[in-house]
Amino acid sequence: NTTNFGVWTIWATAPTSNMLTFSVPKAVGAHFKVGSSLSPSVFAFAALRVKGLYLALSTLALQFVMDWTISHVPAISGGTQATLQAPDIRLLGWPVTSDAGLYYVALVWCVLVTSFMLNLRRTALGRALVAVREKDYAAAVIGVNSFYFKLVAFSTSSFIGGVTGVILIGTFYHAVTPEQFSV
């Protein structure tokens, strides 16, 4: 728990929160982590067996289940009326308190994600993802394991979304409520 020692940073929380979906700093300084790459990966094993509209419906169903769980289990979020304050962002031990500093933290993350996504198409992973997107059975014919690459895409998008949520809370909202991330 990094907030008890005063070293809460995006760099310490974001990867940890993504290993187990989001990080909620509690008022007492504890973190409850529910995974942003792990839980969608577990869900993906079942959801990726379906296609098209059924995949969209199963994803929305999981979102509603997670919303209900976060809102109605006080151990996770403090209940339906809880507002959890996010501590200041720290870079190399120094707090980032100015609006310009927070803007640059978010801008750097946006540039990193954008450059990753633009360069992904040139890699073997990117070409495999494009093949699976177009026709997964045709990709299987040429030797691409479509289930594996769907799982990778699901987990990677969950990771990027989880880190983006941590940065959004740390730079813009400064507080977390269950209603902020509903459908």
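Conventions we followed
- Residues numbered from 1 in each chain as written.
- Predicted model: local features only at pLDDT ≥ 70, side-chain atom pairs only at ≥ 80, totals over all residues.
- Heavy atoms only, no water.
- Helix = DSSP H or I, 4+ residues; strand = E, 2+ residues; numbered from the N terminus.
- Expected span 1.5 Å × (residues − 1).
- Buried < 20%, exposed > 50% of the residue type's maximum accessible area, 1.4 Å probe, protein only.
- Arc of directions from axis to C-beta.
- Patch = residues over 30% accessible without salt bridge, like charges linked within 9 Å, V, L, I, M, F, W, Y side chains within 5 Å.
- Areas by Shrake-Rupley, 256 points an atom, 1.4 Å probe, with all protein chains shown as cover.
- Salt bridge = Lys/Arg side-chain N within 4 Å of Asp/Glu carboxyl O.
- Phe/Tyr/Trp six-rings, centres within 6.5 Å; stacked < 30°, edge-to-face > 60°.
- 1 Å grid on protein atoms, 1.4 Å probe; cavity = no way out; pocket = protein on both sides within 12 Å on 5 of 7 lines; lining within 4 Å.
- Points joined across faces, edges and corners; volume = space filled by probe spheres on them.
- Nonpolar A, V, L, I, M, F, W, Y, C, P; charged D, E, K, R; others polar.
- Axes fitted to C-alpha atoms, helices over the stretch in contact; angles between N-to-C directions.
- Parallel < 35°, antiparallel > 145°, perpendicular 65-115°, else oblique.
- Contact = heavy atoms within 4.5 Å.

A. Spatial organisation of helix α5 (residues 99-120). Helix length check: α5, at 22 residues, gives a terminal C-alpha distance of 31 Å against a target of 32 Å (1.5 Å per residue), a fit within 8%. Listed in full, the buried residues belonging to α5 are Gly101, Leu102, Val105, Trp109, Val113 and Leu120. Along the axis of α5, the buried positions cluster into a sector of 120 degrees, meaning they face one direction only. In α5, the exposed positions angled more than 90 degrees off the buried face are occupied by Asp99 and Leu118.

B. Structural view of a nonpolar patch on the surface. Taken together, the side chains of Val50, Leu53, Tyr54 and Leu57 present a nonpolar region at the surface, about 430 Å² in accessible area. With respect to the helices and strands, the residue Tyr54 is situated in helix α3 (residues 53-72).

C. Structural context of the environment of Lys135. Relative to the helices and strands, Lys135 resides in the loop between α6 (124-134) and α7 (136-141). You can call Lys135 partly exposed: its relative accessible area is 45%. Spatially, the C-alpha atoms of Lys135 and Ser146 are 9.3 Å apart, while their sequence positions differ by 11 residues.

D. Here's a closer look at the pattern of salt bridges. Per the counting criterion, the structure on display carries two salt bridges. Residues Arg133 and Glu134 are paired through a salt bridge, measuring 2.7 Å at the closest nitrogen-oxygen approach. The salt bridge partner of Lys150 is Asp136, with a shortest N-O separation of 3.1 Å. Here Lys150, found in helix α8 (residues 146-173), pairs with Asp136, found in helix α7; they are 14 residues apart in sequence, far enough to count as distant. Asp136 shares its class with Lys150; the two are buried.

E. Inspection of the packing of aromatic side chains at higher detail. Here the structure, examined in full by the defined rule, presents three aromatic pairs. Measuring from centroid to centroid gives 5.1 Å for Tyr148 and Phe149, while their planes differ by 80 degrees, and the two rings are edge-to-face. Judged by relative accessible area, which is 16%, Phe149 ranks as buried. Arranged with centres 5.1 Å apart and planes meeting at 55 degrees, the rings of Phe172 and Tyr173 form a pair that is tilted. Under the relative-accessibility criterion, Tyr173 is labelled partly exposed at 34%.

F. Structural detail: the layout of surface pockets. Space inside the second largest pocket adds up to approximately 280 Å³. Taken together, 13 residues make up the lining of the second largest pocket; nearest its centre are Leu48, Leu55, Val132, Arg133 and Lys150. Contributions of two or more residues to the lining of the second largest pocket are made by α6 and α8. In terms of residues, the lining of the second largest pocket owes the most to one element, α8, which gives four residues. When its residues are assigned to classes, the lining of the second largest pocket shows eight nonpolar, one polar and four charged.

G. Quick peek at the packing of α6 against α8. Orientation of α6 relative to α8, taken along the N-to-C sense of each, is 110 degrees, at an axis distance of 10 Å. Relative to α8, the element α6 is oriented roughly perpendicular. Here α6 contributes Leu125, Ala128, Leu129 and Val132 to the contact with α8, which in turn contributes Ser146, Phe149, Lys150, Val152 and Ala153. Taken together, the residues that form the contact of α6 with α8 break down as seven nonpolar, one polar and one charged.

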